[in-house]
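# Breakdown of the fold
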Amino acid sequence: MFLTSFHTALLILSLTPTPTTAFFPGEEGISPSLLRTPPADAYDGATSSSDVLRDDLLRIIGTNPGGHLNDSVRDAFASKLREYRDAEGSDPSDVFFAIGRSIFGVEFDDGPPSPPPSDMDDENLPIVDFDYMKGFMKEVFLSYGVTPDRAEICSEVLIEADKRGIDSHGLGRLKPIYCDRMDKGILLPDAPINIVTECDATALVDGNLGIGLYIGPHCMQMAIDKAKKYGVGFVACRNSTGWYVSSSRDWNGERPLAAIGLTGTNARPSIAPTFGTEPMMGTNPLTFGIPSSDPFPFVIDCATSVNQRGKIEKYAREGVKTPQGMVIDDMGVERTDTEGILVDMELGKCALTPLGGAGDKMGGYKGYGWAATVELLCTAIQCGPWGEDICGVDRSTGKPKAMPLGHFFLAIDIEKLCPLGLFKENVGGFLQALRDSRKDPTGPGR
Ligand SMILES: *[C@@H]1O[C@H](CO)[C@@H](O)[C@H](O)[C@H]1NC(C)=O
Ligand SMILES: *[C@@H]1O[C@H](CO)[C@@H](O)[C@H](O)[C@H]1NC(C)=O
């Protein structure tokens, strides 16, 4: 349900009687998906009162960055939302009720709006489409004062994770990671991105504790631009924050790819060294994107630990044990009691094991080496912190503390080395051979 640019432009005109360029600088201003496709006669001058109330709600969000923390703005939103609910033609499934609940804390005493009329699946769960959720997330970022172009990227990166089924890193992160951290002041919605030092092929960037979701793609694009000119581009970034699905933007097949990309990030400490028990390194993912003649690029984007916390939380929800070898406690015991692990991880008494698992039986030292490599590339050039210094809590006061992360981005322009078509054929041919190779007859799905 995307609007045409023409409609979007009309909407912006109709929503902003006085210019508010800070929030509506052109077509980026309002997420098209949030706004219902207007009926053909919507701009003939006759607007129903529910539309006017909707516009008022949108204006409250757009002109009050961070306004959800301000009582008078919250009250204004609540009373306007109530008016909208009671108005003729209002839509009980409107995204504004969800924004009201989760961002402005508006719960109506006299009952919530009736549940959205939507398709129901076997478990009677309501189904909303990706565009709707992306629009919702974008409005949430806007309400915190994130600029429209950045809010667009942030919501795109998160929804892309959900689209790929990586629901541990999609919209489920919006509140606990982004909203909560912005509320605590340890993640800044409007931080500039500074270049600390730069030469033709390299740069060191400071994210100023802004949102990693837009800092990551910005740095990757810088590396690609340098590679286009000089063959390779390398960007190191400091003072950034979690950017999750690092493969989501530049490898998603929407743009023609002509570069090989490699990136990594550190994270709060959770992996113990082989034969150690103390969480020292982040889950430290390493990500490669390589264009292919397949209709999709080759992308690998995964942690250097066997598991991350989200997976253990999933085991807890499913009521199953954690497989042996993935978690080690301070006494060197390979723990499997999922609930106990979650408690002890919080206390720093349990650590994740590197790829290859506990000890050296399955080559855990290889994962240890990779995790350490990523940590080094994310901290040594950046002069950035690691371990306890990015655990998110001030251990002496118990207060939340900023978690400045480091990332690195390498881009290689293929065309400087090999004709792009030939390169892609080489990649696609190999990948096809892998898919065609002899299968384990007892493997899953056979
Ligand atoms: C709350 O926001 C309103 C509207 O932007 C502003 O006039 C008022 O000063 C703010 N109040 C506080 C306590 O920040
Ligand atoms: C990191 O970000 C903070 C907050 O924006 C800023 O004050 C600081 O100068 C930045 N750089 C370093 C190296 O801390």
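Look a little higher up for the structure.
In what follows, the accompanying structure is described. Note that the coordinates shown come from a computational prediction; the quantities given were computed from them, not determined experimentally.

So, how was this worked out
- Residues numbered from 1 in each chain as written.
- Chains lettered and ligands numbered in written order.
- Predicted model: local features only at pLDDT ≥ 70, side-chain atom pairs only at ≥ 80, totals over all residues.
- Helix = DSSP H or I, 4+ residues; strand = E, 2+ residues; numbered from the N terminus.
- Buried ≥ 20, exposed ≤ 12 C-beta atoms within 10 Å, placed from the backbone.
- Contact = placed C-beta atoms within 7 Å.
- Near = placed C-beta within 6 Å.
- Nonpolar A, V, L, I, M, F, W, Y, C, P; charged D, E, K, R; others polar.
- Expected span 1.5 Å × (residues − 1).
- Pairing = 2+ DSSP bridges.
- Axes fitted to C-alpha atoms, helices over the stretch in contact; angles between N-to-C directions.
- Parallel < 35°, antiparallel > 145°, perpendicular 65-115°, else oblique.
- Left-handed = near helix turned anticlockwise from the far one by under 90°.
- Right-handed = clockwise from strand over helix to strand, strands pointing away.
- Core = buried A, V, L, I, M, F, W, Y, C linked by C-beta atoms within 7 Å.
- Domains from an automatic or database assignment.

### Concerning the overall build of the protein
Along the protein, the regular secondary structure elements total twelve helices and nine strands. Per-residue burial over the protein gives 40% buried out of 446 residues. Pairs at least 24 apart in sequence give 63% of the contacts found in the protein among residues at least 6 apart.

### Considerations on the site of ligand 2
All residues adjacent to ligand 2 are Leu 188, Ala 191, Asp 206, Asn 208, Leu 209 and Asn 239. Grouping the amino acids of the shell around ligand 2 by side-chain chemistry returns three nonpolar, two polar and one charged.

### Comments concerning helix α6 (residues 148–163)
Taking 1.5 Å of rise per residue, the 16 residues of α6 would be expected to cover 22 Å, and the 22 Å separating its terminal C-alpha atoms lies within 8% of that figure. The set of residues buried in α6 consists of Pro 148, Arg 150, Ala 151, Ile 153, Cys 154, Ser 155, Val 157, Leu 158, Ile 159, Glu 160 and Ala 161. Packing partners of the buried residues in α6 comprise α5 (130–143), α7 (174–184) and α8 (212–230). Directly after α6, the chain includes Gly 165, whose backbone phi takes a positive value near 80°.

### With respect to the site of ligand 1
Around ligand 1, the surrounding shell consists of Asn 64, Asn 70, Ser 72 and Val 73. Of the residues assigned to the shell around ligand 1, the class counts are one nonpolar, three polar and no charged.

### Some thoughts on the pairing of strand β9 (residues 405–413)
Most of β9 is tucked away: seven of the nine residues are buried. Two elements, strand β3 (residues 232–240) and β9, share seven bridges in a ladder whose sense is antiparallel. Each residue of the ladder has a partner; that of Ala 236, found in β9, is Phe 408. Bridge count for strand β4 (residues 259–265) against β9 is seven bridges, and the pairing is antiparallel. Within β9, the position partnered with Gly 264 by the bridge is Phe 408.

### So, the packing of α5 against α6
The contact between α5 and α6 brings their axes to 8 Å, and the two run at 140°. Overall, the two elements α5 and α6 adopt an arrangement that is oblique. By crossing handedness, the relation of α5 to α6 is classed as right-handed. Residues Phe 130, Met 133, Lys 134, Met 137, Lys 138, Phe 141 and Leu 142 of α5 form the contact with α6, whose own contacting residues are Pro 148, Ala 151, Glu 152, Cys 154, Ser 155, Glu 156, Leu 158, Ile 159, Asp 162 and Lys 163. Residue composition of the contact of α5 with α6, grouped by class: ten nonpolar, one polar and six charged.

### Some points on the sheet that holds β4
On the basis of which strands lie adjacent, the open sheet formed by seven strands has the order β1-β2-β3-β9-β4-β5-β6 and mixed pairing. The sheet terminates laterally at β1 (194–198) and β6 (298–302), the two strands that pair on one side only. Neighbouring strand axes in the sheet, compared pairwise and without regard to direction, differ in orientation by 15° on average. Docked against the sheet, helix α11 (residues 364–379) engages β4, β5 (286–290) and β9, running at close to 95° with respect to β9.

### A word on the pairing of strand β2 (residues 202–206)
In regular strands, side chains alternate between the two faces of the sheet. Sheet topology note: the β1/β2 ladder contains four bridges and is antiparallel. The residue of β2 that forms the bridge with Thr 197 is Leu 204. Hairpin remark: β1 followed by β2, antiparallel, with three residues in the connecting loop. When β2 meets β3, the two strands line up parallel, connected through five bridges. Along β3, the bridge assignment pairs Ala 203 with Val 235. At this point the chain moves from β2, through α8, to the parallel β3, and the crossover so formed is right-handed.

### Here's the deal with the packing of α6 against α8
The contact between α6 and α8 brings their axes to 8 Å, and the two run at 95°. Judged by the inter-axis angle, α6 sits roughly perpendicular to α8. Here Arg 150, Ile 153, Cys 154, Val 157 and Leu 158 of α6 lie close against α8, whose contacting residues are Leu 213, Tyr 214 and Pro 217. Residues belonging to the contact of α6 with α8 are distributed by class as follows: seven nonpolar, no polar and one charged.

### As for the nonpolar core
Counting 81 residues, the largest nonpolar core has Leu 57, Cys 154, Cys 219, Ala 223 and Val 235 as the members making the most contacts within it. With nine residues, α8 is the largest single contributor of residues to this core. Both domains that furnish three or more residues to this core are identified here as domain 1 (5–183) and domain 2 (188–306 + 353–430). Non-local contacts of Val 235, meaning those with residues more than four positions away in its chain, are made with Ala 203, Val 205, Cys 219, Met 222, Ala 223 and Phe 409. Judged by nonpolar contacts, the second largest core, of five residues, contains Ala 267, Trp 386, Ile 390 and Met 403.

### Some remarks on the environment of Lys 226
Its place among the elements puts Lys 226 in helix α8. By the C-beta count within 10 Å, which is 23 here, Lys 226 ends up buried. For Lys 226 and Ile 412, which are 186 residues apart along the polypeptide, the C-alpha to C-alpha distance reads 9.1 Å. In this view, Lys 226 contacts Asp 200, Ala 201 and Gly 233; residues no more than four positions away in its chain are not counted.

### What about unusual backbone geometry?
Positioned with a positive phi, Asn 208 is a non-glycine residue whose angle comes to about 55°. Within the fold, Asn 208 resides in the loop between β2 and α8. For Asn 208, a count of 16 C-beta atoms within 10 Å translates into the label partly exposed. In this model, Cys 383 sits at a positive phi of 50°, which is unusual for a non-glycine residue. Structurally, Cys 383 is set in the loop between α11 and β9. Residue classification places Cys 383 among the exposed residues on the basis of 11 C-beta atoms within 10 Å.

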